[in-house]
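# Understanding the architecture of this molecule
The primary structure of each chain is shown beneath.
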Amino acid sequence: MDVAVIGLGLIGGSLLQALAAAGHRVIGYDADPATRDLAENAGWTVRGSVAEAVADAELVALAVPMPVLPELIAQLAGHDGLITDVTSVKGPVRDLAVKHGLRRFVGGHPMAGKETSGFAAAEPALFEGCAWVLCLEPHETDLGDWLTLAALFTAIGARVVPVTAAEHDRAVAQISHVPHLFASALARQLEGNPLAGTLAAGSFRDGTRVAATRAELIVAMCGGNATAVRDVLRGLLDGLERMDAALATDPVRFLTPLVAIGAELRQHWPARGGAPEEMPAEADRLLDLGRGGGWVTAVAENHGSVTTMRPETVRIDS
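Scope of this entry: the structure provided in the associated data block. (Residues numbered from 1 in each chain as written. Predicted model: local features only at pLDDT ≥ 70, side-chain atom pairs only at ≥ 80, totals over all residues. Heavy atoms only, no water.)

Next up on the list: the nonpolar core. Ranked by internal contacts, the top residues of the largest apolar core, which has 43 residues, are F127, W132, L134, W146 and F153. With 21 residues, the next largest nonpolar core counts I6, V54, A57 and V93 among its residues. (Core = buried A, V, L, I, M, F, W, Y, C linked by side-chain atoms within 4.5 Å. Buried < 20%, exposed > 50% of the residue type's maximum accessible area, 1.4 Å probe, protein only.)

Here is the structure:
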């Protein structure tokens, strides 16, 4: 395919490289002249404007921060090709696509990344084994377009997860957005506390890793998904209050089961896939797969069927 990647940070730059390695023709664009120069000096084809980059593109991948998307999507209102994005919040992006009448839009979000950012940190293997959400909205998303992207992303090693935008936003609030806020709060234990900084070791390191992410990126993620994030935060705070109450009464009796559930759930993560299954490429069945924690690993050449995996069933005693 002829692909234009708009935004050449860690995700966009890695996507550019991964698709090129898979044999696709790729063109990049970034609003930052220094980033464009960096990519061009590394041998990549880069254009000086969005219009130039997307002129002949069959697929446009938007890899820019959420605050930039409204203006960018407005520019693409008349584009005939397929458009996707990699933004970590899907509901607001879907609303923008509807508002501006994008003809062929499928929201996406690869669950991949690292602490470093920018084109210099990009790598073509970033998406191998990652879960890549592709939004499938009933009576809205064109199934053929969805399958085209699923085939594209599974071919670069991703596990494609079909869900709606609303389902995605609730789930990422639980496992990404709130953990970023919690890691930031935990990292602040170092403030004015040199002794704690000296003693901090593995548990502090692992619990605060994502706190090193740029604050603007964390705020953009959480602010764009504020309703779901606040709901999940309230649930987390309630759980912490239950732990506090258990400490104040009988820790062995009341705190042990709360901690044990978390330990058991963590020990069984990440989920292991069961045996591969082939099933018809039908929207309802794909959504059932995603809602159950399953994923697509390949799409048949004629797009009539997909190869899938479901997580192994694990019983947690609560």
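What follows continues from the structure just given.
Right, let's talk about the pattern of salt bridges for a bit. Evaluation of the coordinates by the stated rule reveals 15 salt bridges. Between E216 and R214 there is a salt bridge, with its nearest N and O atoms 3.9 Å apart. By relative accessible area, which is 47% here, R214 ends up partly exposed. Taking the shortest distance from any N to any O, the salt bridge between R310 and E277 comes out at 4.0 Å. Taken together, the positions of R310 in the segment after β11 (305-309) and E277 in strand β9 (residues 277-280) put the pair 33 residues apart, joining distant regions of the chain. Taking relative accessible area as the criterion, R310 reaches 32% and is therefore assigned partly exposed. Judged by its relative accessible area of 38%, E277 is partly exposed. Beyond isolated ion pairs, a larger network of salt bridges with shared partners links R94, E137 and E140. (Salt bridge = Lys/Arg side-chain N within 4 Å of Asp/Glu carboxyl O. Helix = DSSP H or I, 4+ residues; strand = E, 2+ residues; numbered from the N terminus.)

If you trace the 5 strands from one edge of the open sheet to the other, you get β2-β1-β3-β4-β5, paired in parallel fashion. At either margin of the open sheet sits one strand with a lone partner, and together these are β2 (25-29) and β5 (105-106). Two elements, strand β1 (residues 2-6) and strand β3 (residues 59-62), share 4 bridges in a ladder whose sense is parallel. From the neighbouring strand, V3 faces β3, where its bridge partner is L59. (Pairing = 2+ DSSP bridges.)

We now examine the packing of helix α7 (residues 165-187) against helix α10 (residues 215-224). Close contact between α7 and α10 brings their axes to 10 Å; oriented N to C, the two are set at 130 degrees. It follows from the interaxial angle that α7 and α10 lie oblique. Between α7 and α10 lies a crossing whose hand is left-handed. Judged by residue contacts, H177, H180 and L181 of α7 engage I218, M221 and C222 from α10. (Axes fitted to C-alpha atoms, helices over the stretch in contact; angles between N-to-C directions. Parallel < 35°, antiparallel > 145°, perpendicular 65-115°, else oblique. Left-handed = near helix turned anticlockwise from the far one by under 90°. Contact = heavy atoms within 4.5 Å.)

A grouping of F182, L236, L237 and L240 is seen on the molecular surface, where their side chains present a nonpolar patch of about 320 Å² in accessible area. The biggest single contributor to the nonpolar patch is helix α11 (residues 226-248), with 3 residues. Relative to the assigned elements, L237 resides in helix α11. Since its relative accessible area comes to 46%, L237 is described here as partly exposed. (Patch = residues over 30% accessible without salt bridge, like charges linked within 9 Å, V, L, I, M, F, W, Y side chains within 5 Å. Areas by Shrake-Rupley, 256 points an atom, 1.4 Å probe, with all protein chains shown as cover.)

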